[in-house]
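Spelled out from the first residue to the last, the chains are:
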Amino acid sequence: MRRADILPWMHKAAGGERLRALALSALCGAFVLVGGVVQGGSLLRPAGSGALAPGYVGSSACAGCHGAQSAAWSSSQHARAMQAASDASVLGDFNDLEATHFDSRATFARKSGGFVIETEGRDGARAPFRVDYTFGVAPLQQYLTRLADGRLQALPYAWDARARADGGQRWFHVYPAEPVPPGDALHWTGAQQNWNFMCADCHSTGVRKNYDAAADTFATSVAELSVGCESCHGPGASHVLWAQQGAATSVPHKGFASVAAKRKAPDWTIDPATGSPAAGVGRPIGDEVETCGVCHARRAQFAEGWRPGRPLADFYRPSLLTPDLFEVDGQMKDEVFNYASFQQSRMHAKGVACGDCHDPHGGKLRAEGAGVCRQCHLAEKFAATAHTGHPQGEGQPDCIGCHMPARVYMGIDKRHDHSFRAPRPDLSARLGAPNACNDCHRDRPPEWAADAVVRWHGGTRKSQQTYAAAFHAARADQPQARALLMQAARDPATPALARATALTMLHGRLSVQVTALMIAGLADPDPMVRAAALGGLAGLPPAERWRRASPLLNDPVRLVRMEAANALAQGPPDGTSVVERQAFLAAAAEYVDAERFNADRAESRANLARFFLRQGRAAEAEAEYLAALRLSSSVAPRVDLADLYRATGRDAQAQKLLREAVALDPRAAAPRHALGLWFIRAKQYHEGLAALRQAFELEPGQARYAYVYAVALESMDRAGQARSVLEQALQASPSDTQALSWLLQDALRARDPARALPLAERLRTLLPDDHAAAATLAQVRAAAEAAARK
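These numbers come from a predicted model, not from an experiment.

The rules behind these values
- Residues numbered from 1 in each chain as written.
- Predicted model: local features only at pLDDT ≥ 70, side-chain atom pairs only at ≥ 80, totals over all residues.
- Heavy atoms only, no water.
- Helix = DSSP H or I, 4+ residues; strand = E, 2+ residues; numbered from the N terminus.
- Rg over C-alpha atoms; globule rule 2.2 N^0.38 Å.
- Contact = heavy atoms within 4.5 Å.
- Buried < 20%, exposed > 50% of the residue type's maximum accessible area, 1.4 Å probe, protein only.
- Polar contact = N/O pair within 3.5 Å; in protein donor to acceptor, adjacent residues only side chain to side chain.
- Pairing = 2+ DSSP bridges.
- Core = buried A, V, L, I, M, F, W, Y, C linked by side-chain atoms within 4.5 Å.
- Salt bridge = Lys/Arg side-chain N within 4 Å of Asp/Glu carboxyl O.
- Axes fitted to C-alpha atoms, helices over the stretch in contact; angles between N-to-C directions.
- Parallel < 35°, antiparallel > 145°, perpendicular 65-115°, else oblique.
- Expected span 1.5 Å × (residues − 1).
- Arc of directions from axis to C-beta.
- Phe/Tyr/Trp six-rings, centres within 6.5 Å; stacked < 30°, edge-to-face > 60°.

1. Considering the overall build of the chain
- Counting its regular elements, the chain contains 34 helices and 19 strands.
- Computed over C-alpha atoms, the radius of gyration of the chain comes to 28 Å, within 12% of the 28 Å expected from 2.2 N^0.38 for 790 residues, which places it in the range of a compact globule.
- Along the longest, intermediate and shortest principal axes, the C-alpha atoms of the chain span 90 × 70 × 65 Å.
- Within the chain, contacts between residues at least 6 apart in sequence are counted, and of these 58% link residues at least 24 apart.

2. Comments concerning unusual backbone geometry
- The residue after alanine 138, namely proline 139, is reached through a cis peptide bond having omega 0°.
- Looking at the secondary structure, you find proline 139 in the loop between strand S8 (126–135) and strand S9 (140–146).
- Backbone geometry places histidine 253, a non-glycine residue, at a positive phi of 55°.

3. Considerations on the side chain of glutamine 331
- The topology assignment puts glutamine 331 in the loop between strand S17 (316–318) and helix H8 (339–343).
- Judged by its relative accessible area of 4%, glutamine 331 is buried.
- Looking at glutamine 331, its side chain comes within polar contact range of the main-chain oxygen of proline 434, at 2.7 Å.

4. Concerning the environment of isoleucine 270
- Relative to the elements of secondary structure, isoleucine 270 occurs in strand S14 (residues 270–271).
- Once the C-alpha coordinates of isoleucine 270 and threonine 291 are considered, the two residues, 21 residues apart in sequence, prove to be 28 Å apart.
- Among residues more than four places away in sequence, those in contact with isoleucine 270 are Gly275, Ser276, Pro277, Gln375, Cys376, His377 and Leu378.

5. Points about the pairing of S9
- The element S9 is extensively covered by neighbouring structure, given that 6 of its 7 residues are classed as buried.
- As judged from the 6 bridges shared by S9 and strand S10 (residues 152–160), these two strands associate in the antiparallel manner. Counterpart to tyrosine 143 in the pairing with S10 is leucine 155.
- In this antiparallel pair of consecutive strands, S9 and S10, the connection spans 5 residues, and glycine 150 shows a positive phi of 90°.

6. Regarding the environment of alanine 710
- Structurally, the position occupied by alanine 710 is in helix H30 (residues 703–715).
- Once the C-alpha coordinates of alanine 710 and alanine 722 are considered, the two residues, 12 residues apart in sequence, prove to be 4.2 Å apart.
- For alanine 710, the contacting residues outside a window of four places in its chain are Ala722, Val725 and Leu726.

7. Digging into the nonpolar core
- Phe471, Leu485, Leu503, Leu506, Leu534 and Leu553 are the most contacted members of the largest nonpolar core, which has 101 residues in total.
- In this structure leucine 553 touches Trp546, Arg561, Ala564, Ala565, Leu568, Ala583, Phe584 and Ala587, once residues within four positions along its chain are discounted.
- Leu713, Leu726, Ala739 and Leu766 belong to the second-largest nonpolar core, a separate cluster that totals 27 residues.

8. Some details on the environment of glycine 688
- Along the chain, glycine 688 falls in helix H29 (residues 685–698).
- Residues glycine 688 and arginine 667, spaced 21 residues apart in sequence, show a C-alpha to C-alpha distance of 18 Å.
- Beyond its immediate sequence surroundings of up to four residues, glycine 688 is in contact with Gly676, Phe679 and Ile680.

9. Things to note about the pattern of salt bridges
- Under the definition given, this model contains 42 salt bridges.
- A cluster of three or more residues bridged by salt bridges with shared partners is formed by Glu714, Arg723, Asp746, Arg749, Asp752 and Arg755.

10. Concerning the packing of helix H20 (residues 527–534) against helix H22 (residues 558–567)
- Orientation of H20 relative to H22, taken along the N-to-C sense of each, is 5°, at an axis distance of 9 Å. In terms of orientation, H20 lies roughly parallel with respect to H22. Contact residues: Pro527, Met528, Arg530, Ala531 and Leu534 in H20; Leu559, Val560, Glu563, Ala564 and Ala567 in H22.

11. Overview of helix H27 (residues 651–664)
- Across its 14 residues, H27 extends 20 Å between first and last C-alpha, which sits within 8% of the 20 Å expected from 1.5 Å per residue.
- The complete set of buried residues in H27 reads Ala654, Gln655, Leu657, Leu658, Ala661 and Val662. Relative to the axis of H27, the buried residues are bounded by an arc of 165° and lie together on one face. Structural note: H27 exposes Ala652, Lys656 and Ala663 on the side pointing more than 90 degrees away from its buried face.

12. Some remarks on the packing of aromatic side chains
- Tallying each qualifying case throughout the model produces 17 aromatic pairs.
- Seen from their ring centres, phenylalanine 94 and phenylalanine 115 are 5.3 Å apart, and the 65° between their planes marks the pair as edge-to-face. Here the residue phenylalanine 94 occupies a position in the loop between strand S4 (83–84) and strand S5 (97–101), and phenylalanine 115 occupies one in strand S7 (residues 114–120), the gap between them amounting to 21 residues.
- Overall, phenylalanine 94 belongs to the buried group, its relative accessible area being 2%.
- Here phenylalanine 115 falls in the buried class, since its relative accessible area comes to 6%.
- With centroids separated by 5.7 Å and ring planes inclined at 35°, the aromatic side chains of phenylalanine 696 and tyrosine 709 adopt a geometry described as tilted. Taken together, the residues phenylalanine 696 in helix H29 and tyrosine 709 in helix H30 connect sequence positions 13 residues apart. Side by side, phenylalanine 696 and tyrosine 709 carry an identical accessibility label, which is buried.

Given below as structure tokens:
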């Protein structure tokens, strides 16, 4: 994964932070928990103590009545997601083997009746650690160690559990291409390899993180060590009691507190004309797909206590189709665990659920290979050469190969994209998106594959995913991005997740029409769309923003209520009713609680600081920033805190903090930019110009850094250099209105209508509601026409 931050709800990116592969260790493979050799004892409570969390009974209690389901589960990877370390569960070879990676070295041995890993710790010194628990079985197994503060950390050496003939039965480093020394953000002792936050919720049952913010320690507990029955069905004590007392039909949900929402009975009768079912069925919030999505989604958790039937977005923020995770057309790039991919598919739109293809207890496909597709699609139509373009037979492409392209993560873990898309080599040629055809035909250009598809199926492409051009334009910061994104967001055939993504991309491209689209999105049936629309109301006057957003303080989904509180953080305007004020306070408390839940993360502390600042609670904001500094060496909270110090008249503290940030990460542009501004305000112009130049050179694609540096150059009578800087910046950020405006004015001062005209036209496209931009364009066009007549 290439990210500067883990939490998708982090509202402000850290400019200049190096983007590094931050492995979501608990979600990417199999793991082992290990404790320090000298510590011993049980790592998790109540696991190992014989006790169960209130309301839980354990999976063994289900077997008596549900034998077939229990037997299927017992052989699944869910059942073996976490086990006590033993000769049967530990897969790695601990017979005094050694693995090396750059300057790092690890040994794997059996000592004192257990399994021991010796490798470099936080201080760089080698130390032994004992394996206490195993996590998972295939295709790889990793290892964790327990620190004194209750943190369980993922070590970087993994065991390849595949057969030796397939390249397995070996140790390998999960970051093979780069060294990860102590102090590095990716070192196994750091926050990005922390089991308590990253792993536990999806690999055990009934997890309670139990982070103590005051002591900065964990006391994480689980109800059952593995992913058991109650992970999906909820605590089962009342259900068992219901069964023991005669299984009365009058008891709701057979004793369970809640169950997954049911879809209407689907009709998958195949239409012979199309080879596919003609009918579909709607899906309710909290259905089976969301049950699976709790763990099979790339998401950020902000609360505990999910139960089946509850909306996923009451506890988690699912990822949008962001550039770090998804290709421009929505195909998976990083490991995203299927949920977001499936949401883009025609199958999802038709009401297909995970259990239609996968046995929910054993985890296996309901039929072998492409046979699972033939449950609903005629083989004689879709396996035919007329459809595939390839002769039938062994080794030829099938449904899975063409419509579920695979990617490999963690070195050896093969995953299939679940958006079930038609191969689009034409998009590869135009936009750079990958395609299934060239996954096989790597020696051919995408244009060759696109021509073949046209020969087989004609020139019109039918696809559920029609937003690639819009996302490409937005990622490339092209002037036409606004219009294309609005089209994608308006189209009811666009999957809700893609519409939410389009609205989020429009946040920085506001206009009267965009604001109207955001307001319409507030009433969308999908909570992700409503949440995204709330984030686009920043351009409204405070009273109007309150009028539009405040009804969503009472939204049925917690994520939306939290977003409403964040959009209205300044609080209710004068004249607001007591009921409305209470709704705001309740939603704001939910927002604060959500960030407090992740108080072990620096980014959550920084989010909370920004929220408090917008409420005028500077002292509380400062405390959160200081907490973030203690948790992380990231420069982002340091830059923000320095700005708070500046705003409260503590310039000396601001300068000291910015210098510390520069020393922490010399490659980060943000603290150098902020330090440059500090020097300018202090009238130390040469020092300021030097720092601004360094920020621009470190991150030339950041248009704001370029603009400020250019203005500083101009103020020192170096307009030619300023022009060169902004022309370079405009290449990287073609839609930056500040750079465009400066260059346009520069062209007008030079009486150069030929240079001014394309700039004025682009500025008018980007500022459709700006009357001055319209008037300037008219004047430039007139001047250009006059010059042409001479």
